[in-house]
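Structural description and commentary
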Amino acid sequence: MVLGQLGGSISRALQQMSNATIIDEKALNECLNEITRALLQADVQFKLVRDMQTNIKKIVNLEDLAAGHNKRRIIQQAIFNELCKMLDPGKPSFTPKKGKTSIIMFVGLQGSGKTTTCTKYAYYHQKKGWKPALVCADTFRAGAFDQLKQNATKAKIPFYGSYMESDPVKIAAEGVERFKKENCDLIIVDTSGRHKQEAALFEEMRQVSEATKPDLIIFVMDGSIGQAAFDQAQAFKKIVSVGAVIVTKMDGHAKGGGALSAVAATKSPVIFLGTGEHMDEFEVFDVKPFVSRLLGMGDWSGFMDKIHEVVPMDQQPELMQKLSEGHFTMRIMYEQFQNILKMGPMGQVLSMLPGFSAELMPKGHEKESQAKVKRYMTMMDSMTNEELDSTNPKLMNESRIMRIARGSGRQVRDVMEMLEEYKRLAKIWGKMKGLKIPKGGDMSAL
Ligand code: GDP
């Protein structure tokens, strides 16, 4: 995700404003204009951004700002709230219940990841004890049935489709009937897509919807389509009653803003994100952690999940204790680097860690980042226990820096770079002092 960049731009705009001696309307406007630019670059639709700017202006009281309150926090909070509001149109139009038959129809353009997402959705529920089934009503794309069949077989999910029948409406109706009889509680109908929104696609969609009477229609959207997201989502919403959205390919170059636009266009919530090609690369979507990430504030709940996954049980309370005391030592940094290296696909988790994302490990440069982390760790291996456990940077004087460089076979400037990184992270993590981990990953409380 390119979300880190957006967070960085917004943080910079806020910082600039905080640095200004007088916070008047002009300074606030400049700051908001910067933020507007950043959101537009992240593919949030123009009208949404403009409305948001107006709302923030209404909320943020210049007198409060002038009175020396924490301006950065007040505005950041306002942006956070506005984005959350935008992304949270309420519950999906229907929520399936385990044990009771529900028909879910998937719609979206070809290539959006619809077929993959159908299986992910089925697999996700199957793991939770549901009885899902897949119906392939995509007769337009050659190979669609094979793909669904392959995925379904792998996940041991019953499926229905036909190589011979070319009428998608007939297949859909038959498939739904069959799985109703088999008492499946989640019947998922994959429909055809087209390269472009066009009349034939919409007519077919409407007919399938009429024949199967879905309880919920999920619109699948490629997260990287940019500004086109709003119009595309709206076009689908006009024809069928989209009740929820799934945004795919959030692991790639998606900027995240498209999701906001799709929500606004369909007035339906995003319920899952696709984060990879594999069956289990599928995340339940939560508004607050998402916005936290969008603003570069980190994602507490995601981060905590990861901590529970990778940090050995017996070390977890200790780490949290240290963090809440505001002590970020070199040793903690070392241990976190170790954890990061263990986590596997780096990019996935990094955006959740406050400070560890954009600057230290830019997306697409995982290999270099990994090498950098390893390099830092080698240098830290040459440090004494006292140095590793101290929060006092003064311990690292010139002769120690030279000694560490020599000991690890690196240059003095490499050690300096590592120390700078430590300072940067210490500053960010220092903010966690006295922190109680907020529920739902809401970082706005920080
Ligand atoms: P459909 O035409 O809408 O049914 O799209 P497919 O399900 O065939 O997906 C198109 C391509 O996108 C395939 O190569 C999928 O593997 C890929 N894809 C789907 N979802 C994701 C995702 O969340 N992340 C990534 N990286 N690729 C995805």
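Look a little higher up for the structure.
So, here is what we can say about the structure in this document. None of these values were measured; they are calculated from a predicted model.

**With respect to the pairing of strand β1 (residues 102-107)**
- Counting buried positions along β1 yields five of six residues, so the element is predominantly enclosed.
- Looking at chain direction, β1 and strand β5 (residues 216-222) are connected through four bridges and run parallel. By the bridge assignment for β5, I104 is matched with L216.

**A closer look at the site of the ligand**
- Neighbouring the ligand are 18 residues; G113, K114, T115, T116 and G274 lie closest to it.
- The dominant element in the shell around the ligand, judged by the number of residues it contributes, is helix α6 (residues 114-127), at three residues.
- In terms of residue class, the shell around the ligand is made up of no nonpolar, 14 polar and four charged.

**Some points on the sheet that holds β5**
- Judged by pairing direction, the sheet is mixed, and its eight strands sit side by side in the order β3-β2-β4-β1-β5-β6-β7-β8 without closing on themselves. The open sheet has two free edges, formed respectively by β3 (159-160) and β8 (282-284), since each of these has just one partner strand.
- As paired elements, strand β7 (residues 270-274) and β8 share three bridges and run antiparallel to each other. Residue pairing in the sheet places F272 in a bridge with V284 of β8.
- Contacts from helix α8 (residues 168-181) reach β1, β2 (132-137), β3 and β4 (186-191) within the one sheet, and its direction differs from that of β2 by about 165°.
- In the packing of helix α10 (residues 229-239) onto the sheet, the strands contacted are β1, β5 and β6 (242-248), and the crossing angle to β5 comes to about 155°.

**As for α8**
- Over its 14 residues, α8 runs 20 Å from end to end, which matches the ideal 20 Å to within 8%, given 1.5 Å per residue.
- Here α8 has its buried residues at P168, I171, A172, A173, G175, V176 and F179.
- For α8, the elements touching its buried residues are β1, β2, β3, β4 and α9 (199-212).
- Residue N183 follows α8 closely and has a positive phi angle near 60°.

**Section: unusual backbone geometry**
- In the Ramachandran plot, K249 falls in the positive-phi region, its phi being about 60° despite a non-glycine side chain.
- Tracing the backbone through its elements, the reader meets K249 in the loop between β6 and α11 (257-266).
- Residues other than glycine seldom take positive phi values, yet K267 does so here, at roughly 55°.
- Within the secondary structure layout, K267 lies in the loop between α11 and β7.
- On the basis of neighbour counts, which here come to 14 C-beta atoms within 10 Å, the residue K267 falls in the partly exposed class.

About the thresholds
Every residue gets a number counted from 1 within its own chain, in the order that chain's sequence is written. pLDDT decides what is reported in this predicted model: residues at 70 or higher carry local features, side-chain atom pairs at 80 or more are listed and counted, and totals for whole chains, interfaces and linings draw on all residues regardless. A residue is called partly exposed when the number of other C-beta atoms within 10 Å of its own lies between 12 and 20, exposed at 12 or fewer, and buried at 20 or more, with C-beta atoms placed from the backbone. Put simply, DSSP H or I for four residues or longer makes a helix, DSSP E for two residues or longer makes a strand, and each gets a number counted from the N terminus. Paired strands, as defined in this entry, are two strands with at least two bridges between them according to DSSP. Here, nearness is defined through the C-beta atom: a residue counts as near a molecule or strand if that backbone-placed atom lies within 6 Å of it. Residues are sorted three ways: Asp, Glu, Lys and Arg are charged, Ala, Val, Leu, Ile, Met, Phe, Trp, Tyr, Cys and Pro are nonpolar, and all the rest, Gly among them, are polar. Residue pairs qualify as contacts under a 7 Å threshold applied to their C-beta atoms, which are placed from the backbone. To get an axis, a line is fitted to the C-alpha atoms, and for a helix only the part in contact is used. The angle between two axes follows their N-to-C directions and goes from 0 to 180 degrees. By definition here, a helix of n residues has an expected span of 1.5 Å times n minus one.

None of this, on its own, says anything about what the molecule does.
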